[in-house]
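Secondary and tertiary structure notes
Letter by letter, the chains look like this.
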Amino acid sequence: MEIDRLITLTAGGLKAMGLKTGERVAILMENCPEYVISYFAIVRSGAVVVPVNTFLSVREVSYILIDSGCKMIIYSANFIEHISELKKYSADTAFFMFNEITQGQTDSHIGDDDEIAVLLYTSGTTGFPKGAMLTHRNLISNAEACTKVMHLSHRDRVLLFLPLFHSFSFTVCVLVPIYSGAAIVLLASVKPFSRVINSIIKKRITLFVAVPTIYSILSKKKMPFLLRLAFKCLVRIRACISGASALPEETIQLFEERFNIPLLEGYGLTEASPVVAVNPVNGTRKIGSVGPPLPGIEAAVIGEDGSRLPSGQVGELIVRGPNVMKGYFNKDSETRDVLKDGWLYTGDMAKIDADGYIFIVDRKKDLIIVDGMNIYPREVEDVIIKHPLIEECAMVGVSAVKGAEIPVLFIKKKDNAGIGEKEIRDYLKGQIANFKMPRRVIFIDEFPKTATGKIKKAELRNRQK
């Protein structure tokens, strides 16, 4: 197969350029065939893939390159400007555009299933991203379990337009189809959305995977009569999968009424490769639930004292299975905090019913999710507090339309300094990714605090309801 040949040649080229087993190689590309080729070439050479979020600022990318000790970074022409800046910060990393990689023959590296295949960076409550070490066993077991629940086969066609650096999209839209022999229809992005619609019809897509925002738009967007007719007559989608953030029940109802296609919500996290649970394609679906755990994965809910809670009671969700990461790269303390006796402590509050279906209730941490992208407030707070006119700050996620969240930044100025929202945004620009920008900036005189001086973020959220 042509793509297999290109992967082998690229892997050979990487090894000829000095890449050794176990070394890390970052990928900074938009959705394109070269991304997939690079990913599997790195794996085939025995090295470790480090997917880079293309929405991050140069400062944020440089942290990942340095923290992971990346030997190389493979990039595409769209990121040449980023690369010129990154070279100032990452002197120990070799930079190669994909077409600069020498091609050569090599034997595939056949390593232990417990060797690290990918290092996926996920934000942490400390404000610094952590690299989740996912092994070959983690990824393969998750792809196999997803295939069983989704009933994919060589007859299926999966549309891929979500960013390839995201663990959800790569596992569900690349690894799962490859494992099952299904075809992948690759688009550069979700925009223009007309291209997505055309691909659904012309490429005869059978499995559609997206984030809640996309389903919300589709359920409400005005569509010409002929397009609605084309959907009913020509679309072959047998199921739609939603992941990466919470899916409002109203969106499910409106979407299914309009298109008569089942919309199935799932749940996962990077540290679990990432899929933990999903409502089955064939079987009982419970709206409001993220479904039962995948085959081979156990889930439980525990109280604050660590004891197991019975069905229906809310506590922290913990999971165990072959999909759970090896740990965080070079962060033993953080690893011990979330991996205990083989269980992954997710930090999410949930309940499990008598049938084993999981219902996510709330987040234990201060995580904000915007369009499927994770924002940890501390990352933004650590940047803005350095401004000489800012005394205190706090960012919270506030519920917006139909269950979505928006980041709101609260600021206390020093001595009523003359600074406004525009100056705040200008200061943040270039230091954080655009998707982390607060949607609102609110100036207040005093923060509500506990007796120990901790800002009461719950009160800040309530002010915006």
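Residues numbered from 1 in each chain as written. Predicted model: local features only at pLDDT ≥ 70, side-chain atom pairs only at ≥ 80, totals over all residues. Heavy atoms only, no water.

**Here's the deal with the sheet that holds strand β23 (residues 440–443)**
Stated precisely, the cut-off is as follows: Note: two strands are recorded as paired if DSSP finds a minimum of 2 bridges between them. For the purposes of this entry, the term helix denotes a DSSP run of H or I that reaches at least four residues, the term strand denotes a run of E that reaches at least two, and both are numbered from the N terminus. Only the stretch in contact is used when fitting a helix axis, every axis being a line fitted to C-alpha atoms; angles between N-to-C directions are given from 0 to 180 degrees. Any two residues having at least one pair of non-hydrogen atoms within 4.5 Å are treated as being in contact.
Pairing is mixed in the open sheet, where three strands are placed in the order β21-β22-β23. The sheet is open, and its two edges are formed by β21 (390–399) and β23, each paired on a single side. Averaged over all adjacent pairs, the angle separating strand axes in this sheet is 25°, with direction ignored. Sitting on the sheet, helix α13 (residues 421–428) is in contact with β21, β22 (405–413) and β23, with an inclination near 125° to β23.

**Focus: a positive patch on the surface**
To be explicit about the condition: Here a patch means residues that are over 30% exposed by relative accessible area and free of salt bridges, tied together within 9 Å if like-charged and within 5 Å if nonpolar (Val, Leu, Ile, Met, Phe, Trp, Tyr). Reported accessibility uses the Shrake-Rupley method at a 1.4 Å probe radius. Residues are deemed covered only where the shown protein chains occlude them. Only one rule defines a salt bridge in this text: a Lys or Arg side-chain nitrogen within 4 Å of an Asp or Glu carboxyl oxygen. Note on charges: Lys and Arg go in the positive column, Asp and Glu in the negative column, and His and the chain ends are not counted at all. Charge placement uses NZ in Lys and CZ in Arg. For Asp and Glu, CG and CD serve respectively. Accessible area is worked out with a 1.4 Å probe on protein chains only. A residue is then buried under 20% of its type maximum, exposed over 50%, and partly exposed in between.
Taken together, Arg157, Lys202, Lys203, Arg204 and Arg236 make up a surface patch of like positive charges. For arginine 157, a relative accessible area of 36% corresponds to the partly exposed category.

**Here's the deal with the environment of isoleucine 27**
Along the chain, isoleucine 27 turns up in strand β1 (residues 24–28). Taking the C-alpha atoms as reference points, isoleucine 27 and phenylalanine 98, separated by 71 residues in sequence, lie 9.6 Å from one another. Residues contacting isoleucine 27, with those up to four places away along its chain left out, are Tyr35, Ser38, Tyr39, Ile42, Val49, Val50, Pro51, Val52 and Ile74.

**Description of the packing of aromatic side chains**
Within a pair of aromatic rings, the relevant descriptors are the distance that separates the centres and the angle that separates the planes. As a reminder of what qualifies: A pair of Phe, Tyr and Trp rings is counted when the ring centres sit within 6.5 Å of each other, with Trp represented by its six-membered ring. The angle between the planes then sorts it: under 30 degrees is stacked, over 60 is edge-to-face, the rest tilted. Two thresholds decide whether a charge sits over a ring: the Lys NZ or Arg CZ must be within 6 Å of the ring centre and within 35 degrees of the ring normal.
For the structure on display, the rule yields ten aromatic pairs. Following the ring pairs from residue to residue traces out a cluster consisting of Phe161, Phe208, Tyr215, Phe255 and Phe259. Between the NZ or CZ atom of lysine 340 and the centre of the ring of tyrosine 345, over which it lies, the distance is 4.6 Å. The cationic tip of lysine 351 hangs over the ring face of phenylalanine 359; the distance from NZ or CZ to the ring centre is 5.9 Å.

**What about the pairing of strand β9 (residues 207–210)?**
Side chains Leu207 and Val209 project from β9 onto one buried face, and the interleaved Phe208 and Ala210 project onto a second face that is buried too. With two bridges connecting them, strand β7 (residues 157–160) and β9 associate as parallel partners. Residue pairing for β9: leucine 159 is matched across the bridge by phenylalanine 208. Inspection of the sheet shows β9 paired to strand β10 (residues 239–242) by four bridges, in the parallel sense. Bridge assignment links valine 209 to a residue of β10, and that residue is isoleucine 241.

**Observations concerning the pattern of salt bridges**
For the structure shown, the criterion picks out 18 salt bridges. Aspartate 4 serves as the salt-bridge partner of arginine 44, at 2.9 Å between the closest nitrogen and oxygen. Residue arginine 44 is located in helix α2 (residues 33–44), and its partner aspartate 4 is located in helix α1 (residues 2–16); the two are separated by 40 residues in the primary sequence. The shortest N-O distance in the salt bridge between aspartate 156 and arginine 238 comes to 3.0 Å.

Geometric values such as these leave the question of function open.
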